[in-house]
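Observations on chain architecture
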Amino acid sequence: MFSKSKINEPSSTAPEAAKPAAPATPAAPAPAENKASTAPKPKPPASVLSSDLHITGNLKTSGDIQVEGTVEGDIRAHLLTIGETATIKGEVTADDVVINGRIVGRVRGLKVRLTSSARVEGDIIHKTIAIESGAHFEGSVQRQDDPLNPGRNGKAGANPAAEVKQ
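Keep in mind the model is a prediction, meaning the values are calculated, not measured.

Regarding its fold elements, the chain presents three helices and 14 strands. A buried classification covers 29% of the 166 residues belonging to the chain. Taking all contacts inside the chain whose residues are at least 6 apart in sequence as the whole, residues at least 24 apart take part in 8%. When the accessible surface of the chain is split by element, carbon and sulfur atoms take 55% of a total near 10400 Å².

What follows is the structure in structure tokens.
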């Protein structure tokens, strides 16, 4: 038995090493896929929209977004940070919203924070809100226990109001 293992090691090791190398390569992606399935659990870094970027259209992600440029459309994200140079024209919906720049439109969030450089023209629907001294805000503030889900009903109510104004 000992002689067989010695024989298998030197003589079969090279051929077996070459043969398992091919199967080992397919086996390696399987663990990589397992790692990939566990990789989404840690948060990826926030997507950054630079100050020279102008987007016309809606953005939707389950991740985080940091906007430094201009967006004409609605944004939905987990954590949304509006930079000082950013301008958003549309509805913003996120679990956490930090506003340093300008928003023209409705803001919906569980946690909404307006910093001293924030400029908001529109209604804010929130669970918790913080407004720093120096922030500019025109609109109404409404507290809801779940401001993200009633947004569908709120939009339906907002459309007739918009039609009346027109």
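And the narrative resumes.
What follows concerns the nonpolar core. By size, the foremost hydrophobic cluster in this structure holds 23 residues, and its most contacted members are Val67 and Ile99. Of all elements in the fold, only β4 (64-67), β6 (75-82), β8 (92-99) and β10 (107-114) reach the threshold of two or more residues within this core. For Ile99, the residues in contact, after removing those within four places along its chain, are Ile82, Val107, Val112, Arg113, Leu114, Thr115, Ala118 and Val120.

Looking now at the confidence of the model for the chain. Should pLDDT be low for a region, the predicted coordinates there are not to be read in detail. Taken over all residues, the pLDDT of the chain has a mean of 78, while the share at 70 or more is 65%. Segment residues 12-18: pLDDT under 50, and five contacts once partners within four positions in sequence are set aside and those in other chains are kept. Predicted confidence for residues 151-166 stays below pLDDT 50, and this span has six contacts to residues more than four positions away or in other chains.

Read across the sheet, six strands follow the order β2-β5-β7-β9-β11-β13 without closing on themselves; strand pairing throughout is parallel. Every other strand in the sheet has two partners, leaving β2 (54-56) and β13 (136-138) as the edge strands with one partner each. Strand after strand, the sheet turns through a mean of 5° between neighbouring axes, direction not considered. Examined bridge by bridge, strand β7 (residues 87-89) and strand β9 (residues 102-104) share three bridges and lie parallel to one another. Bridge pairing links Lys89 to Val104 in β9.

To continue, consider the pairing of β10. Two strands pair when backbone bridges link them, and β8 and β10 are joined in this way by seven bridges, in the parallel orientation. Bridging from a neighbouring strand, Asp96 pairs with Lys111 of β10. Two elements, β10 and strand β12 (residues 124-131), share seven bridges in a ladder whose sense is parallel. Across the sheet, the residue bridging to Val112 is Ile129, located in β12.

What follows is about the pairing of β6. Taken together, the two bridges between strand β3 (residues 59-60) and β6 define a ladder with parallel strand orientation. Paired with Lys60 across the bridge in β6 is Arg76. Two strands pair when backbone bridges link them, and β4 and β6 are joined in this way by four bridges, in the parallel orientation. The residue bridging Asp64 from the neighbouring strand is Leu79, located in β6. When β6 meets β8, the two strands line up parallel, connected through seven bridges. For Ile82, the partnering residue across the bridge sits in β8 and is Ile99.

The rules behind these values
Residues numbered from 1 in each chain as written. Predicted model: local features only at pLDDT ≥ 70, side-chain atom pairs only at ≥ 80, totals over all residues. Heavy atoms only, no water. Helix = DSSP H or I, 4+ residues; strand = E, 2+ residues; numbered from the N terminus. Buried < 20%, exposed > 50% of the residue type's maximum accessible area, 1.4 Å probe, protein only. Contact = heavy atoms within 4.5 Å. Areas by Shrake-Rupley, 256 points an atom, 1.4 Å probe, with all protein chains shown as cover. Core = buried A, V, L, I, M, F, W, Y, C linked by side-chain atoms within 4.5 Å. pLDDT = per-residue confidence, 0-100. Pairing = 2+ DSSP bridges. Axes fitted to C-alpha atoms, helices over the stretch in contact; angles between N-to-C directions.

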